[in-house]
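If you want the building blocks of each chain, they are given just below.
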Amino acid sequence: MREKVILETQNLSKQFGGFVAVEKVNYKLFEGETAGIIGPNGAGKSTFFNLLTGLFPPTEGKILFFNQDITSTQAEHRVELGLVRTFQLVSVFDSLSVIDNLILAVTRFSPIFTNKFRFFFRDAHIKNITERAKEALNRVGLADKSHILTSELSYGDKRKLEIAMALALNPKVLLLDEPFAGLSDVEIKELLNLLHKVKKSLTLIIIEHKISRIVDLVTRLSVMHEGRIIAEGNPKDVLCNETVRRVYWGGESCSVDGITDSSDRRRRP
Ligand SMILES: Nc1ncnc2c1ncn2[C@@H]1O[C@H](COP(=O)(O)OP(=O)(O)OP(=O)(O)O)[C@@H](O)[C@H]1O
Ligand SMILES: [Mg+2]
């Protein structure tokens, strides 16, 4: 069966003043795959996600989603189309309960609030929103914490909540920007288990700094360096790419067991 491209960028670039953060990226995402994007600090990974999700416009290039040109489409509308993301730093409301965070996320994109003519069906909509919120909490394993104040959750659980909020929006493609950042080893394992389940029913792109964390999770890996994609393919082949090893690992062995991840120069949240 031929693979279907559902998200594509053509010559996508972003300049901040004179600085080129993303440079002429031609990227393809295939339906059902779990794609990984790795690269050192400042490579342009988050900027690439910001362009895909409409946080700011590109300087040059095009974005196609299910063959529709969404380059100038508002961020909210991209969510409605099924392009949903999470952020590098967990973005949840600490002062709300877990379930209320979810209800708020779903409500924001619910037609009842964007179309006044649906007002008369309000009760049905509210029931539907609550059900979607509960179902998403179930999927990430937080159902028993639904009425806890979010500030009381561990960082790992907040990350799961953020993923539940994204799942509740019924994405066709879910973009995760460094979902493992700031998590303990135990939390990383739990999140990996969750993502192995989620990927069965969804197309995913995961940005990650440390390749060893995602090498068994992703089906295809792209490496970004100085705003460009310098290598792409099966994760294990990409690891053996000479350019990748030179810029990312300093020319060491390409065996997965022997990977030395590039160091992360940022402070953790
Ligand atoms: N809004 C902005 N204004 C100016 N420069 C920016 C902006 N956003 C990103 N940059 C710059 O673009 C470059 C790429 O940043 P980006 O955050 O995309 O990198 P990254 O690959 O996600 O890095 P990290 O692994 O540290 O998260 C960096 O040099 C950054 O300082
Ligand atoms: Mg980033």
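What you are looking at is a predicted structure, and each value in this text was computed from that prediction instead of being measured.

(A) Fine view of the pairing of strand 2 (residues 19-30). Two elements, strand 1 (residues 5-16) and strand 2, share 8 bridges in a ladder whose sense is antiparallel. If you follow Val 5 over to strand 2, its bridge partner there is Phe 30. Between strand 1 and strand 2, which pair antiparallel and follow one another directly, the connecting turn spans 2 residues, one of which, Gly 17, has a positive phi of 60 degrees.

(B) Here's a closer look at the packing of helix 6 (residues 155-167) against helix 7 (residues 185-198). Taken N-terminus to C-terminus, the directions of helix 6 and helix 7 make an angle of 15 degrees; their axes are 10 Å apart at the nearest point. Between helix 6 and helix 7, the crossing angle belongs to the class labelled roughly parallel. Relative to helix 7, the crossing made by helix 6 is right-handed. When helix 6 is examined against helix 7, the residues Tyr 155, Gly 156, Arg 159, Lys 160, Ile 163 and Leu 167 are found in contact with a partner set consisting of Glu 187, Glu 190, Leu 191, Leu 194, Leu 195 and Val 198. Looking at the contact of helix 6 with helix 7 residue by residue, the classes come out as 7 nonpolar, 1 polar and 4 charged.

(C) Spotlight on the sheet that holds strand 5 (residues 68-69). Across the sheet, which stays open at both edges, the 4 strands sit in the order 2-1-4-5 with antiparallel pairing between neighbours. Because the sheet does not close on itself, it has two edges, and the strands there are strand 2 and strand 5. Relative to strand 4 (residues 60-65), strand 1 runs antiparallel, the two sharing 5 bridges. Residue Thr 9 lies in a different strand from strand 4, and its bridge partner there is Ile 63. The strands touched by helix 1 (residues 45-53) are strand 1, strand 2 and strand 4; relative to strand 1, the strand with the most contacts, the crossing angle is about 115 degrees.

(D) Seen up close, the side chain of Ser 97. Here Ser 97 lies in the loop between strand 6 (83-86) and helix 3 (98-108). Residue Ser 97 is classed as buried on the basis of its relative accessible area of 12%. Reaching out from Ser 97, the side chain makes a polar contact with the backbone nitrogen of Asp 100 at a distance of 3.2 Å. Among all residues touching Ser 97, those that are not within four sequence positions of it are Ser 146, His 147, Ile 148, Leu 149 and Thr 150.

(E) Spotlight on the layout of surface pockets. Computed from the structure, the largest pocket encloses a volume of approximately 580 Å³. As for the largest pocket, its lining consists of 23 residues, of which Arg 85, Phe 87, Arg 108, Phe 109 and Leu 169 are closest to the centre. Secondary-structure elements contributing two or more residues to the lining of the largest pocket are helix 2 (75-81), strand 6, helix 3 and helix 6. Across the lining of the largest pocket, the residue classes break down as 14 nonpolar, 4 polar and 5 charged. Counting only domains with at least three residues in the lining of the largest pocket, you end up with domain 1 (1-82 + 171-269) and domain 2 (94-170).

(F) Focus on the site of ligand 1. Residues in close proximity to ligand 1 total 15 residues, the closest being Gly 42, Lys 45, Ser 46, Thr 47 and Gln 88. Gly 42 has a polar backbone atom sitting 2.8 Å from an oxygen atom of ligand 1. Contacts to ligand 1 include Ser 46, whose backbone N or O atom sits 3.0 Å from an oxygen atom. Protein coverage of the free-state accessible area of ligand 1, which is 640 Å², stands at 64%. No other element matches the 3 residues that helix 1 contributes to the shell around ligand 1. Of the residues belonging to the shell around ligand 1, the class tally is 5 nonpolar, 7 polar and 3 charged.

(G) Inspection of the packing of aromatic side chains at higher detail. With the rule as written, the count across this model stands at 3 aromatic pairs. On the numbers, 5.5 Å between centres and 85 degrees between planes, the contact of Phe 16 with Phe 56 is edge-to-face. You can see Phe 16 sitting in strand 1 and its partner Phe 56 sitting in the loop between helix 1 and strand 4, a full 40 residues away along the chain. Above the plane of the ring of Phe 66 lies Lys 172, whose end atom (NZ or CZ) is 5.6 Å from the centre.

Thresholds, definitions, all that
Here the residue numbers are simple positions, counted from 1 along each chain's written sequence. Just so you know, chain letters begin at A and ligand numbers begin at 1, following the order they were written in. Given that the model is predicted, a residue must reach a pLDDT of at least 70 before its local features are reported, and side-chain atom pairs must reach 80 or more before they are shown or counted; all residues, however, enter totals for whole chains, interfaces and linings. The side-chain values count all of the structure's non-hydrogen atoms but skip hydrogen atoms and water molecules. Pairing between strands requires that DSSP locate at least two bridges from one strand to the other. Secondary structure follows DSSP: runs of H or I at least 4 residues long count as helices, runs of E at least 2 residues long count as strands, and numbering of each begins at the N terminus. To define axes, lines are fitted to C-alpha atoms, for helices over the stretch in contact only, and angles between the resulting N-to-C directions are given on a 0 to 180 degree scale. For this classification, under 35 degrees means roughly parallel, over 145 means roughly antiparallel, 65 to 115 means roughly perpendicular, and everything else is oblique. Crossings are classed by handedness, with left-handed meaning an anticlockwise turn of the near helix from the far one by less than a right angle and right-handed meaning a clockwise turn. Contacts: residue pairs with any heavy atoms within 4.5 Å of one another. Residues are grouped as follows: Ala, Val, Leu, Ile, Met, Phe, Trp, Tyr, Cys and Pro are nonpolar; Asp, Glu, Lys and Arg are charged; every other residue, Gly included, is polar. A 1.4 Å probe rolled over the protein chains alone gives each residue an accessible area, and that area as a share of the maximum for its type sets the label: buried under 20%, exposed over 50%, partly exposed in between. The term polar contact refers here to a pair of N or O atoms within 3.5 Å; inside protein, the definition further demands a hydrogen-donor-capable atom paired with an acceptor-capable atom, and it admits residues adjacent in sequence only when both atoms are side-chain atoms. A cavity here means a set of points on a 1 Å grid, drawn over the protein atoms and nothing else, where a 1.4 Å probe fits but cannot get out; a pocket is an open set with protein on both sides within 12 Å along at least five of seven lines, and a residue lines either one if it has an atom within 4 Å of a point. Grid points are joined across faces, edges and corners, and a volume is the space filled by probe spheres set on the points. An automatic or database domain assignment supplies the start and end points of every domain. Proximity is defined per residue: if any heavy atom of the residue lies within 4 Å of a molecule or strand, that residue is considered near it. To be clear on the numbers: accessible area is Shrake-Rupley with a 1.4 Å probe, and residue cover counts the displayed protein chains and nothing else. For this analysis, a ring pair means two rings from Phe, Tyr or Trp (six-membered ring only for Trp) whose centres lie within 6.5 Å, classed as stacked if their planes differ by under 30 degrees, edge-to-face if by over 60, and tilted for the remaining angles. Only when the NZ of Lys or the CZ of Arg is both within 6 Å of the ring centre and within 35 degrees of the ring normal is a charge said to sit over the ring.

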